[in-house]
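Residue-level listing of the chains:
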Amino acid sequence: MVATPWLVPKWPAPGRVKSCVTTRAACSGKASQAPYDGFNLALHVGDDAASVQYNRQQLADSLGLKPQSFKWLNQVHGATVLRADDVAEPDAADASFTRSAHQVCVVMTADCLPVLLCDTTGTTVAAVHCGWRSLAGGILANTLAQFENPENVIAWLGPAIGSSHFEVGQDVYDAFVGKDEGLVEAFCVKAGSEPKWYADLYRIATFMLKAEGVRRCYGGDFCTYSDKSRFYSFRRDGARSGRMASCIWLGGEG
């Protein structure tokens, strides 16, 4: 179903739950040109709009879906969650969920952490864009509130910047550790003249998921910054970086 260069999450999701994460590798034909070279899916980063729309069409075709099935969001690093069925245009939100077949919840990333969620019955799925601001703002708790029981939720953590490259200031440290001292283990101090830390988005997200009752978390072993051949990275390449898409949807009944 999915082109070989793309990632298919390895997690025990029910058969009805479908998911994938794109990489820089184009599935076929025309693709974005440098500095977005590869399979960029974002319209807001300065890439040629026709190339992006072509890539989005290729994504839909490769997955056997209609382009309008993809519910693209205007991600603002907030904590708003929308029902994918209600998204008719890029609404401002950082997560979406659905209980309907063939409605694709999708988030775009290039260092921020994409989190895919489903329940064990295969009735509800969600995609979450987890930058540090949205994590601190409660985006995961807000998304899990759309599920009947967080204890029945399975999470997969997709490609994000690794802890050895995600340097942050005291404000980010305080935003998390100031609320829960248990998160201190997600930070490693960097020696220097001012407070600097290396933050582990995977550990932060996993800690928060477990605090909400989620016990099954998978993935979390990527680094967008260091793996240039596969992933876009805002911190590595700057504002003119492309974006990958993390997608999750429900197939037909059964």
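Anyway, here's the lowdown on the structure attached to this text. (Residues numbered from 1 in each chain as written. Predicted model: local features only at pLDDT ≥ 70, side-chain atom pairs only at ≥ 80, totals over all residues. Heavy atoms only, no water.)

Among the nonpolar cores identified, the biggest contains 63 residues, and Leu-113, Leu-117, Leu-135, Leu-140, Phe-176, Phe-187 and Ile-248 are the most heavily contacted of them. At six residues, the largest contribution of residues to this core is made by helix 5 (residues 201-211). Other than its neighbours up to four places away in sequence, Phe-187 contacts Val-168, Val-172, Tyr-173, Phe-176, Val-177, Trp-197, Tyr-198, Ala-199 and Ile-204. Core analysis: the second largest hydrophobic core is formed by 19 residues, Phe-39, Val-45, Leu-59 and Leu-65 among them. (Core = buried A, V, L, I, M, F, W, Y, C linked by side-chain atoms within 4.5 Å. Buried < 20%, exposed > 50% of the residue type's maximum accessible area, 1.4 Å probe, protein only. Helix = DSSP H or I, 4+ residues; strand = E, 2+ residues; numbered from the N terminus. Contact = heavy atoms within 4.5 Å.)

Among the residues of helix 5, Leu-201, Tyr-202, Ile-204, Ala-205, Met-208 and Leu-209 are the ones counted as buried. One side of helix 5 carries all its buried residues, which in axial view fall inside an arc of 165°. The positive-phi residue at the C-terminal boundary of helix 5 is Gly-213, with phi of around 110°. (Arc of directions from axis to C-beta.)

Among the structural elements, Lys-71 can be located in strand 2 (residues 70-71). The charged side chain of Lys-71 is buried without a salt bridge, its nearest counter-charge being Asp-85 at 7.6 Å. A distance of 3.3 Å separates a polar atom in the side chain of Lys-71 from the backbone oxygen of Gln-68. If sequence neighbours within four positions are ignored, Lys-71 has contacts with Ala-84, Val-87, Gln-103, Val-104 and Val-106. (Lys, Arg positive; Asp, Glu negative; His and termini not counted. Salt bridge = Lys/Arg side-chain N within 4 Å of Asp/Glu carboxyl O. Polar contact = N/O pair within 3.5 Å; in protein donor to acceptor, adjacent residues only side chain to side chain.)

The gaps of empty space that remain are located by a probe, the size of a water molecule, rolled over the atoms. In this model, the largest pocket occupies a volume close to 570 Å³. Along the wall of the largest pocket there are 24 residues; nearest its centre are Gln-75, His-77, Cys-112, His-129 and Arg-243. The computed volume of the second largest pocket comes to approximately 220 Å³. Taken together, 15 residues form the lining of the second largest pocket, with Leu-135, Gly-138, Met-208, Ala-211 and Glu-212 sitting closest to its centre. If you list the elements that add at least two residues to the lining of the second largest pocket, you get helix 2 (132-137), helix 3 (139-144), helix 4 (170-177) and helix 5. (1 Å grid on protein atoms, 1.4 Å probe; cavity = no way out; pocket = protein on both sides within 12 Å on 5 of 7 lines; lining within 4 Å. Points joined across faces, edges and corners; volume = space filled by probe spheres on them.)

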